[in-house]
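What the coordinates show
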Amino acid sequence: MFKITKTDYLDYTFCKKNLWLKKHKHELFDDVELSDFEKKIIEEGNLADAEAQNLFVDGVLVESVDNEAILDTKRLIDDGIETIFQGTFYEDDFFIRADIMNYNKSLGGWELYEVKASNDIKRKEPYHYVNDLAFQKTVIEKSGLKIVKSSVIHLNKEYRRGGEVDYRELFIFVDLSDEVVEQQVDVKKQMEEIKQYLGMDEEKGCECLYRGRNAQCTTFKYSNPEVPEYSVHDINRIGLSKKLFYDWIDRGIYSLDDIDNPEKLTGAKLAQYNAHKKGSAIIDRESIISELGKLVFPLYFFDYEGFVSAIPMFDGFGAYEQIPFQYSLHIMDEKGNIDHKEFLITDPKGDITLPLVKQMKEDIDPSGTVIAWYKTYEKQRNEKLAQLHPEYADFLNEINDKMYDLMHIFSKNYYVDPAFKGSSSIKKVLPVVVPDLSYSTMNISKGDQASERWEKMINKDTPKDEKEKIKKDLLDYCALDTMAMVRIYQRLLEIVKLK
Ligand code: SF4
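Note that residues are indexed from 1 along each chain, following the sequence as it is written. Side-chain atom pairs in this predicted model are given and counted only at pLDDT of 80 or more, local residue features only at pLDDT of at least 70, and totals for whole chains, interfaces and linings cover all residues.

As for the overall build of the protein chain
Applicable threshold: Going along the chain from the N terminus, every DSSP run of H or I of four or more residues is numbered as a helix, and every run of E of two or more is numbered as a strand. The exposure scheme places C-beta atoms from the backbone and then counts, for each residue, the other C-beta atoms within 10 Å of its own, assigning buried at 20 or more, exposed at 12 or fewer, and partly exposed in between. What counts as a contact here is a pair of residues whose C-beta atoms, placed from the backbone, lie within 7 Å.
Helix and strand content of the protein chain: 18 helices and 16 strands. Across the 499 residues in the protein chain, those meeting the buried criterion constitute 32%. For the protein chain, restricting intrachain contacts to residue pairs at least 6 apart in sequence, the fraction spanning at least 24 positions comes to 67%.

Comments concerning the site of the ligand
Rules: In this analysis, residues qualify as near a molecule or strand once their C-beta atom, positioned from backbone atoms, comes within 6 Å of it. The classification used treats Ala, Val, Leu, Ile, Met, Phe, Trp, Tyr, Cys and Pro as nonpolar, Asp, Glu, Lys and Arg as charged, and all other residues, Gly among them, as polar. In this entry, domain limits derive from an automatic or database-based domain assignment.
All residues in the neighbourhood of the ligand are listed as Cys15, Lys17, Asn18, Cys206, Glu207, Cys208, Gln216, Cys217, Thr219, Phe220 and Ser223. Where the shell around the ligand is concerned, the elements lending two or more residues are α2 (16–24) and α8 (220–223). Tallied by class, the residues present in the shell around the ligand amount to five nonpolar, four polar and two charged. Shared between two domains, the shell around the ligand holds at least three residues of each, these being domain 1 (4–198) and domain 2 (207–265).

Description of unusual backbone geometry
A cis geometry characterises the amide bond from Phe297 onward to Pro298, with omega recorded as 0°. One can find Pro298 in the loop between α11 (285–292) and β11 (299–307). The backbone of Asp92 sits at a positive phi, close to 55°, despite the residue not being glycine.

Some details on helix α18 (residues 464–495)
How we decide: Given the number of residues in a helix, its expected span is that number minus one, multiplied by 1.5 Å.
The terminal C-alpha atoms of α18, which comprises 32 residues, lie 46 Å apart, in line with the 46 Å expected from a rise of 1.5 Å per residue. Taken residue by residue, α18 has Ile470, Leu474, Tyr477, Cys478, Leu480, Asp481, Thr482, Ala484, Met485, Val486, Ile488 and Leu492 as its buried positions. Looking one or two residues past α18, Lys497 carries a phi angle of roughly 60°, positive in sign.

A short note on the domain arrangement of the protein chain
Taken domain by domain, the protein chain comprises domain 1 (4–198), domain 2 (207–265) and domain 3 (288–495). Centre-to-centre, using C-alpha coordinates, domain 1 lies 36 Å away from domain 2. In this complex, domain 1 contributes five residues to the contact, which on the side of domain 2 involves four residues. In the side of domain 1 that touches domain 2, the residues fall into four nonpolar, one polar and no charged.

Concerning the sheet that holds strand β15 (residues 404–405)
For clarity, the threshold we go by: At least two DSSP bridges between two strands are required for those strands to pair.
Across the sheet, five strands lie side by side as β13-β12-β11-β14-β15; this open sheet has mixed pairing. The open sheet has two free edges, formed respectively by β13 (338–344) and β15, since each of these has just one partner strand. Where β11 lies against strand β14 (residues 369–372), three bridges are found, and the strand directions are parallel. Note that in β14 the partner of Phe301 across the bridge is Ile371.

Notes on the nonpolar core
What counts is decided by this rule: By definition, a nonpolar core groups buried Ala, Val, Leu, Ile, Met, Phe, Trp, Tyr and Cys residues that connect through C-beta atoms lying within 7 Å of each other.
Counting 54 residues, the largest nonpolar core has Tyr300, Phe301, Phe302, Tyr327, Ile371, Met485 and Ile488 as the members making the most contacts within it. No other element matches the ten residues that α18 contributes to this core. Not counting chain neighbours up to four residues away, the residues in contact with Phe301 comprise Leu329, His330, Ile371, Thr482, Met485 and Val486. Ranked by size, the runner-up nonpolar core spans 44 residues in total, among them Ala48, Ile70, Ala98 and Leu198.

Thoughts on the environment of Thr13
Tracing the sequence through the fold places Thr13 in helix α1 (residues 6–14). For the pair Thr13 and Val187, spaced 174 residues apart in the sequence, the C-alpha separation amounts to 9.9 Å. The contacts of Thr13, once residues within four sequence positions are left out, are Glu125, Pro126, His128, Asn131 and Gln190.

Looking at the pairing of strand β4 (residues 94–104)
In this structure, strand β1 (residues 4–5) lies alongside β4, joined through two bridges in parallel fashion. Bridge assignment links Ile4 to a residue of β4, and that residue is Phe94. Taken together, the eight bridges between strand β3 (residues 83–91) and β4 define a ladder with antiparallel strand orientation. Following the sheet pairing, Glu91 is matched in β4 by Phe94. Linking two consecutive strands that pair antiparallel, namely β3 and β4, is a turn of two residues; a positive phi of about 55° is found at Asp92 within it.

So, the packing of helix α5 (residues 129–142) against helix α7 (residues 177–198)
Here is the rule we go by: Simply put, an axis is a line fit to the C-alpha atoms, just over the touching stretch for a helix, and the angle between two N-to-C directions goes from 0 to 180 degrees. Small angles under 35 degrees read as roughly parallel and large ones over 145 as roughly antiparallel, with 65 to 115 read as roughly perpendicular and the rest as oblique.
Orientation of α5 relative to α7, taken along the N-to-C sense of each, is 70°, at an axis distance of 8 Å. By the angle between their directions, the pair α5 and α7 is classed as roughly perpendicular. Residues Val130, Asn131, Leu133, Ala134, Phe135, Lys137 and Thr138 of α5 pack against Glu179, Val180, Gln183, Gln184, Val187, Lys188 and Met191 of α7. Tallied by class, the residues present in the contact of α5 with α7 amount to seven nonpolar, four polar and three charged.

A closer look at the pairing of strand β8 (residues 147–155)
Where burial is concerned, most of β8 is hidden: seven out of the nine residues are buried. Summarising the sheet, strand β5 (residues 109–116) and β8 pair through seven bridges and their orientation is parallel. Of the residues in β8, the one forming a bridge with Leu112 is Ser150. With five bridges joining them, β8 and strand β9 (residues 171–175) adopt antiparallel strand pairing. Bridge pairing in β9 links Ile153 to Phe173.

Here you go:
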């Protein structure tokens, strides 16, 4: 039988077929690399685990793994250790490592604590914290121990760092004991079902045939070879139009070319379909002229890069609060002349964003229009900076009030190309609209990669020459983001023949 870990259990609650494939067809997952973002989430979870241990004095960490860890845990319990980190149990094919166990003498049993690097309690698969605890409690109880309390320790979203991290303030304890006991009945049933399910020689049916592309896992193609690479699953938010979508799937309509009732499509879905059928871009010239007519020179093509961490690293910021560590700015005057400005925090100390805001104030005259791509992100960073630096709030608010989102030309379907495949992300739009400009040759090509590189650059242990290289890569990447907007803007002018 397979060893079933807690992650397996949570995967099962999300998609049992996915778990079955992981166990029986592991090779399907060999080429699947975790994204930088996914790696970061795992690292943050491990970091939160380690930091939460500061809340318990005299705890002993089980550092070994697998069978040795199980034996070490037994030894610690037999030796009367009252607080154990990463206690490990393997019972009846189920395997767990408990973040924190603390013996409660008055209740005559163990308190179980699960540390979560999140800002709240989640009760939805696959991150159902009550089920997670109920699973662990069941396995530990199978070993003969008594669990008298089950709690989650998560991050306090109200906490803002000021000096050294105050772990008592950073973490919040939530006692879920009653819910866990109640849920344990269902979880025990699920645990039996998993064993039976994984014991099957064959597994059929992939529910994602009835879900949009974003909901699917990487095995979709394996389970659904008849579905083309670009299919009705890629139509913009098709999962929300259930009746229409389900009907196509029931009738075996997978290709956009096979849709026989396009009159039922509206908005972005219809625009995507029409561009696909036409085989070339559909451009609403009047609307683009009207949009571009709203802009006031000089134009400021602006982009931030941001960094987040579960355990706040800098004063004034809380768990998972985005820290704008860099901006790039291309400035265009009425004659089309272009200037470039940039700022990168290389040695964060004290009030780390103050020099950045000061520089912005010198670089931007808010009487011109600041242009971003998906402006919500830049506006939220400005709001945070205005809170941190009230003396610059008027300046930042004025920028926000007048900010223009260049993405709107594409998300409002004024320009739809079949190659966008229903997306208005700059990474999809740029190679189509400005094919000679590309992220593909860049050492940094994504925002989460930039964040990870910045953390490396500011680390005191990173060698000086590596820091210099990362600095250059970060500046190049952010500059390309704003140059991409400049070039898209210029191309739009050509298309509507304003230039
Ligand atoms: S594609 Fe969807 S239903 Fe199929 S295995 Fe993956 S997650 Fe499960």
